[in-house]
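A closer look at the structure
Residue-level listing of the chains:
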Amino acid sequence: VKVMSPSRVGSDRAWELRVGEILGLTGLIGSGAAAAVRGLAGVTPLPARLEIRGKSASIRTIRDARRLGIGFIPEDRKGAGLIGDQSVAVNMSLAALDSVSRAGVVNWGSLVERAERFCDDLDVRLASVNVPVRTLSGGNQQKVMLARWLASGVEILAVEEPTHGVDIGGKVQIHDLLRTF
C-alpha cells in the first residue's frame, strides 16, 4: 500500500507499506490519525491518492475498501464493531458469510467449526462459540474482531485503538496477533 497525501506546503508525503509491515499513527484528537485510518477503511472520505499492489485505487466507501482487501476494526467495538446479542460464531463470520453459506443458506456446522478453530488459534477464552459476544472480556471481543477479518482473507487491516479497554495480558496477545496478521 502506498498512500500519498498532499501536504500544506504543496509537496507529497507518502507512506509505503510492504507485506507484514505495521504502520502506527498517533496524535492528539483532531490531528488526522483517526481520519487516515477511517479513510483507508472507507468509513470517511480519504483525500489522498492510493496505490495498492502497484495499481491506483480509490476508496469512497466501506465496500470499496473491502473490494480492495481492506478490513476495519473500529475503536468502539461494542457500538460499531460487534453485534452484542449474537453469538461469537456469528460475529466471527460477518465478513465472510459467503464462505459458510450457499445460495443464502448458512451452514451452521461450518460456521461453528470455523469459529472453534479461530478461538483455539487466537486463545479466545469462552465457554462456547454460541455464547453472546457481549459476555466476553474486552480482549476476547477484540480477538473475535481479528478472527472476523482473518476468516475473510483481507490483506490489509485498518485498526483503531487495537487495545483500547483491554487488560495488559490481552494487549500483549493482540499485539502478537497483529504482528502475525
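Up top is the structure these notes are about.
Residues numbered from 1 in each chain as written. Predicted model: local features only at pLDDT ≥ 70, side-chain atom pairs only at ≥ 80, totals over all residues. Heavy atoms only, no water.

A separate point is the side chain of Arg148. Counting through the fold element by element, Arg148 comes out in helix α6 (residues 138-152). For Arg148, the side chain forms a polar contact with the main-chain oxygen of Asn91, separated by 2.9 Å. With near-sequence residues (within four places) excluded, Arg148 lies in contact with Gly81, Leu82, Asn91, Met92, Leu94 and Ala95. (Helix = DSSP H or I, 4+ residues; strand = E, 2+ residues; numbered from the N terminus. Polar contact = N/O pair within 3.5 Å; in protein donor to acceptor, adjacent residues only side chain to side chain. Contact = heavy atoms within 4.5 Å.)

Here we come to the layout of surface pockets. The calculated volume of the largest pocket comes to roughly 1500 Å³. For the largest pocket, the lining is made up of 49 residues, of which Ile22, Leu23, Leu157, Ala158 and Val159 are closest to its centre. Of all the secondary-structure elements, those providing two or more residues to the lining of the largest pocket are β1 (2-6), β2 (12-16), α1 (33-40), β3 (49-52), β8 (156-159) and α7 (168-180). The biggest single contributor to the lining of the largest pocket is α1, with six residues. (1 Å grid on protein atoms, 1.4 Å probe; cavity = no way out; pocket = protein on both sides within 12 Å on 5 of 7 lines; lining within 4 Å. Points joined across faces, edges and corners; volume = space filled by probe spheres on them.)

Below, the discussion takes up the nonpolar core. Val88, Met92, Val124, Val144 and Leu146 are the most contacted members of the largest nonpolar core, which has 29 residues in total. Contributions of two or more residues to this core are made by α4 (88-93), α5 (108-122), α6 and α7. Here this core takes six residues from α6, the largest share from any one element. Residues Val1, Leu40, Leu68 and Ile156 belong to the second largest nonpolar core, which totals 15 residues. (Core = buried A, V, L, I, M, F, W, Y, C linked by side-chain atoms within 4.5 Å. Buried < 20%, exposed > 50% of the residue type's maximum accessible area, 1.4 Å probe, protein only.)

Attention now goes to unusual backbone geometry. For Arg53, which is not glycine, the phi dihedral falls at a positive 55°. Relative to the assigned elements, Arg53 resides in the loop between β3 and β4 (55-57). Phi at Asp123 takes a positive value of approximately 55°, unusual for a residue other than glycine. Along the chain, Asp123 falls in the loop between α5 and α6.

Let's shift gears to a negative patch on the surface. On the surface, a cluster of negative charge is made up of Glu113, Glu116, Asp120 and Asp121. On the secondary structure map, Asp121 appears in helix α5. On the basis of relative accessibility, which here comes to 56%, the residue Asp121 falls in the exposed class. (Patch = residues over 30% accessible without salt bridge, like charges linked within 9 Å, V, L, I, M, F, W, Y side chains within 5 Å. Areas by Shrake-Rupley, 256 points an atom, 1.4 Å probe, with all protein chains shown as cover. Salt bridge = Lys/Arg side-chain N within 4 Å of Asp/Glu carboxyl O. Lys, Arg positive; Asp, Glu negative; His and termini not counted. Charge placed at Lys NZ, Arg CZ, Asp CG, Glu CD.)

Contact geometry for α5 and α6: axes closest at 10 Å, N-to-C directions at 120°. Classified by the interaxial angle, the pair formed by α5 and α6 is oblique. Handedness of the α5/α6 crossing: right-handed. Here Arg114, Phe118 and Leu122 of α5 lie close against α6, whose contacting residues are Lys143, Ala147, Leu150 and Ala151. Residue classes in the contact of α5 with α6 are distributed as five nonpolar, no polar and two charged. (Axes fitted to C-alpha atoms, helices over the stretch in contact; angles between N-to-C directions. Parallel < 35°, antiparallel > 145°, perpendicular 65-115°, else oblique. Left-handed = near helix turned anticlockwise from the far one by under 90°. Nonpolar A, V, L, I, M, F, W, Y, C, P; charged D, E, K, R; others polar.)

Geometric descriptors of this kind do not, in isolation, establish any biological role.
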